[in-house]
Amino acid sequence: KIRREDLDAVREEELRRVSRHYRLERSPLFLGYNDQELAVVNHEEGVRKIINVMFHVKPTAVITHGPKGLGGHPDHIALHFLVRDAFSHYKKSPTHAPRLLYAAASQDIIEAWDIDLDSPEASPHVVIEVGSYWETKIEALKLYASQEDAQDVAAQCQAMPLRREYFHQVEPTVDHGVVLQDLWS
């Protein structure tokens, strides 16, 4: 069992391990908040930190949780609002034309996993075939050993190998009924 005072260091190391597993070129950037703390941080301060990261990294696509946090976790819900508000500042830069996307789920996943979701998280506009990377995702989820929900999702992904990732594109808007096949369409 992990002691509460050790949890933040454990979670940070898990994220670093996952980043190495995915062979990411960039190390994860941390905002300096503890686990289960995002819901109570000063909103303007959190937004400012995320804006600084966005202008440093200059992403062309920003992916975050939707309003329900894709499962109701308070940190995920808080992160949604922080990123959404930071994005509204970032997109105003004349050198950027970024996309804002929320993680989403298909109707069959919502029903099979009994997730309480509605639009936009239940309305994917982007469906990406991930093929053999599905197993990489499952192994990455397992690396979050301290997080029971990650272990549950890994087991659900193994039981229902859809080999797709789903996103709801918020900005720029997508016409109703249009489904994109990649993040750059």
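Residues numbered from 1 in each chain as written. Predicted model: local features only at pLDDT ≥ 70, side-chain atom pairs only at ≥ 80, totals over all residues. Heavy atoms only, no water.

Side note on the overall build of the chain
A count of helical and extended segments in the chain gives 6 helices and 4 strands. When the helices and strands of the chain are listed from N to C terminus, the series reads α-α-β-α-β-α-β-α-α-β. Its C-alpha atoms give the chain a radius of gyration of 17 Å, within 12% of the compact-globule value 16 Å for 185 residues. The principal-axis extents of the C-alpha atoms in the chain amount to approximately 50 × 40 × 30 Å. (Helix = DSSP H or I, 4+ residues; strand = E, 2+ residues; numbered from the N terminus. Rg over C-alpha atoms; globule rule 2.2 N^0.38 Å.)

Some details on the pattern of salt bridges
Oppositely charged side chains are able to pair whenever their charged atoms sit close together. As enumerated under the stated definition, the model contains 14 salt bridges in all. For the salt bridge of D116 with K68, the shortest nitrogen-to-oxygen distance reads 3.5 Å. Taken together, the residues span a long stretch of sequence, with D116 in the loop between α4 (107–113) and β3 (126–129) and K68 in the loop between β1 (61–64) and α3 (74–90) at a distance of 48 residues. Where R163 meets E135, a salt bridge forms, and the shortest distance between an N and an O atom there is 2.7 Å. Placement of R163 in the loop between α6 (148–159) and β4 (164–171) and of E135 in helix α5 (residues 133–142) is noted, with a sequence separation of 28 residues between them. Its relative accessible area of 37% is what places E135 among the partly exposed residues. (Salt bridge = Lys/Arg side-chain N within 4 Å of Asp/Glu carboxyl O. Buried < 20%, exposed > 50% of the residue type's maximum accessible area, 1.4 Å probe, protein only.)

Focus: the packing of aromatic side chains
All chains considered together, the criterion is met by 1 aromatic pair. With 5.2 Å between their ring centres and 75° between their planes, F55 and Y90 make a pair best called edge-to-face. With F55 in helix α2 (residues 43–57) and Y90 in helix α3, the pair connects residues that are 35 residues apart, well separated along the chain. On the basis of relative accessible area, F55 is assigned to the partly exposed category, the value being 33%. Overall, Y90 belongs to the buried group, its relative accessible area being 0%. Lying over the aromatic face of Y33, K49 brings its terminal NZ or CZ to 4.3 Å of the ring centre. (Phe/Tyr/Trp six-rings, centres within 6.5 Å; stacked < 30°, edge-to-face > 60°. Lys NZ or Arg CZ within 6 Å of the ring centre and 35° of its normal.)

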